[in-house]
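Reading the structure
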Amino acid sequence: MKIIFAKDYEELSKKAAEEMLAVIRSTPDAVLGLATGTTPLGLYARLIEDHKANGTNYDRIRTVNLDEYKGLPASHEQSYAYFMRHNLFEGLGIAPEQTNIENGMAKDEAEECARYDALLDAMPRDIQLLGLGSNGHIAFNEPKTPFGSGTHVVSLAESTIKDNARLFASQDEVPRKAFTMGIRHIMQAKRILILASGANKAEAVFKMAKGPVTEDVPASVLQLHPDCTLIVDEAAAARLA
Ligand code: F6R
């Protein structure tokens, strides 16, 4: 795993934007694997700034998202579909037809997971962007998820429900289940870019990058990927030094 150190969140976002833009500019029909959450917001803002300033073209780009809450329609303000439209796609002029995400309202879970697995197999990601859970999760693959897993429905860990409650009116409103891309498909991406910012990620960063590769720390599997870059700010890198 290649590690790039950034002073703070600003610098992390700038370096992450450089990495993403290198792929977008060299591969105009790239498939981008994308993440939600707080961490990529600075990166997404910079991609939008760049698009406005330099006209970087997204007409042939396609996107695939990691995960979606179960039971939230795409119109719901807390759904990840809404998050992506609001924080990235509209700003880049990416049309809904260019984007893919699990359907949180799918009645038949197994059918929805099979649909997404087939889609992922048919759309190899040129780059997969990831955030890191404070418990070492990637996407919503919580500790002990088998490394060979495909798309599945998860019951979110208590720590994840707590971490995500800040985005809801109360902790009770956080959905308890989500569809998530599995670790097998994350590892299929040609390149992986994982971002970690803030002191609450320091332990997970250390375990991911320097600990044993174990299903107890899902992100540790990234040590086995041939082209994975971690961009980390000083607070999140505290235990690496
Ligand atoms: C988001 C996702 C999650 C987050 C992780 C970190 O699509 O799959 O794994 O990347 O929970 O979240 P933040 O960035 O909010 O700290």
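All residue numbers refer to position in the chain's written sequence, counted from 1. In keeping with the predicted nature of the model, local features appear solely for residues at pLDDT of at least 70, side-chain atom pairs appear and are counted solely at 80 or more, and the whole-chain, interface and lining totals rest on all residues. Water and hydrogen atoms were dropped before computing side-chain values, which therefore reflect all heavy atoms in the structure.

**Concerning the site of the ligand**
Inclusion rule: For each residue, the test is whether any non-hydrogen atom lies within 4 Å of the molecule or strand; if one does, the residue is near. Between N or O atoms, a polar contact is any pair within 3.5 Å; within protein, one atom must be a potential hydrogen donor and the other a potential acceptor, and residues adjacent in sequence are included only when both atoms are from side chains. Only the protein chains shown count as cover for residues, with accessible areas throughout obtained via the Shrake-Rupley method and a probe of 1.4 Å. Just so you know the grouping, Ala, Val, Leu, Ile, Met, Phe, Trp, Tyr, Cys and Pro go in nonpolar, Asp, Glu, Lys and Arg go in charged, and all remaining residues, Gly too, go in polar.
Taken together, 14 residues sit near the ligand, with Thr39, Asp67, His137, Ala139 and Lys201 positioned nearest. Between Thr38 and the ligand, the recorded distance is 2.8 Å, taken from a backbone N or O atom to an oxygen atom. One of the side-chain nitrogen or oxygen atoms of Asp67 is found 2.5 Å away from an oxygen atom of the ligand. If the ligand stood free it would expose 410 Å²; the protein chains cover 92% of that surface. Partitioned by chemical class, the residues of the shell around the ligand number 4 nonpolar, 7 polar and 3 charged.

**A closer look at the nonpolar core**
Rule in force here: The definition of a nonpolar core used throughout is a set of buried Ala, Val, Leu, Ile, Met, Phe, Trp, Tyr and Cys residues joined through side-chain atoms within 4.5 Å. The cut-offs for exposure are 20% and 50% of the maximum accessible area for each residue type, with area from a 1.4 Å probe on protein chains only; residues under the lower value are buried, those over the upper are exposed, and the others partly exposed. By definition, any uninterrupted DSSP run of H or I lasting at least four residues is a helix, any uninterrupted run of E lasting at least two residues is a strand, and each is numbered from the N terminus. We call two residues in contact when some of their heavy atoms are within 4.5 Å.
Counting residues in hydrophobic clusters, the biggest one holds 32 residues, and the most contacted among them are Ile186, Ile194 and Leu222. Elements with a minimum of two residues in this core: helix 4 (109-122), helix 6 (183-188), strand 9 (192-196), helix 7 (202-210) and strand 10 (228-233). Examining the composition of this core, we find that 4 residues originate from one element, helix 7, more than from any other. In this structure Ile186 touches Leu66, Gln128, Leu130, Ile138, Ala139, Asn141, Met181, Ile192 and Leu222, once residues within four positions along its chain are discounted. Membership of the second largest hydrophobic core comes to 29 residues, among which are Ile24, Tyr58, Ile94 and Leu129.

**Some details on the side chain of Asp126**
Looking at where Asp126 falls in the secondary structure, it is placed in the loop between helix 4 and strand 6 (127-131). Here Asp126 falls in the buried class, since its relative accessible area comes to 15%. A distance of 2.8 Å separates a polar atom in the side chain of Asp126 from the backbone nitrogen of Val31. Within the local environment of Asp126, its side chain forms a polar contact with the side chain of Lys190, the two groups lying 2.8 Å apart.

**Some thoughts on the pattern of salt bridges**
Applicable threshold: Each salt bridge in this description consists of a side-chain nitrogen of Lys or Arg and a carboxyl oxygen of Asp or Glu lying within 4 Å of one another.
If you walk through the whole model with that rule in mind, you get 12 salt bridges. Where Arg239 meets Glu203, a salt bridge forms, and the shortest distance between an N and an O atom there is 2.9 Å. Taken together, the residues Arg239 in the segment after strand 10 and Glu203 in helix 7 connect sequence positions 36 residues apart. Linked through salt bridges whose partners overlap, the residues forming this network are Glu19, Arg191 and Asp227.

**Some details on the packing of helix 1 (residues 9-26) against helix 2 (residues 41-54)**
Filter applied, for reference: Lines fitted to C-alpha atoms define the axes here, with helix axes fitted over just the stretch in contact, and angles between the N-to-C directions of these axes take values from 0 to 180 degrees. Any angle between 65 and 115 degrees counts as roughly perpendicular, while under 35 counts as roughly parallel, over 145 as roughly antiparallel, and the rest as oblique. Should the near helix be turned anticlockwise from the far one by less than a right angle, the crossing is termed left-handed; should it be turned clockwise, right-handed.
With their axes 8 Å apart at the nearest point, helix 1 and helix 2 run at an angle of 55 degrees to one another. Comparing their axes, helix 2 and helix 1 come out oblique. The two elements helix 1 and helix 2 cross, and the hand of that crossing is right-handed. Residues Tyr9, Glu10, Ser13, Lys14, Ala16, Ala17, Met20, Leu21 and Arg25 of helix 1 pack against Leu41, Gly42, Leu43, Arg46, Leu47, Asp50 and Asn54 of helix 2. Of the residues in the contact of helix 1 with helix 2, the class split is 8 nonpolar, 3 polar and 5 charged.

Function cannot be read off these values alone, since they describe shape.
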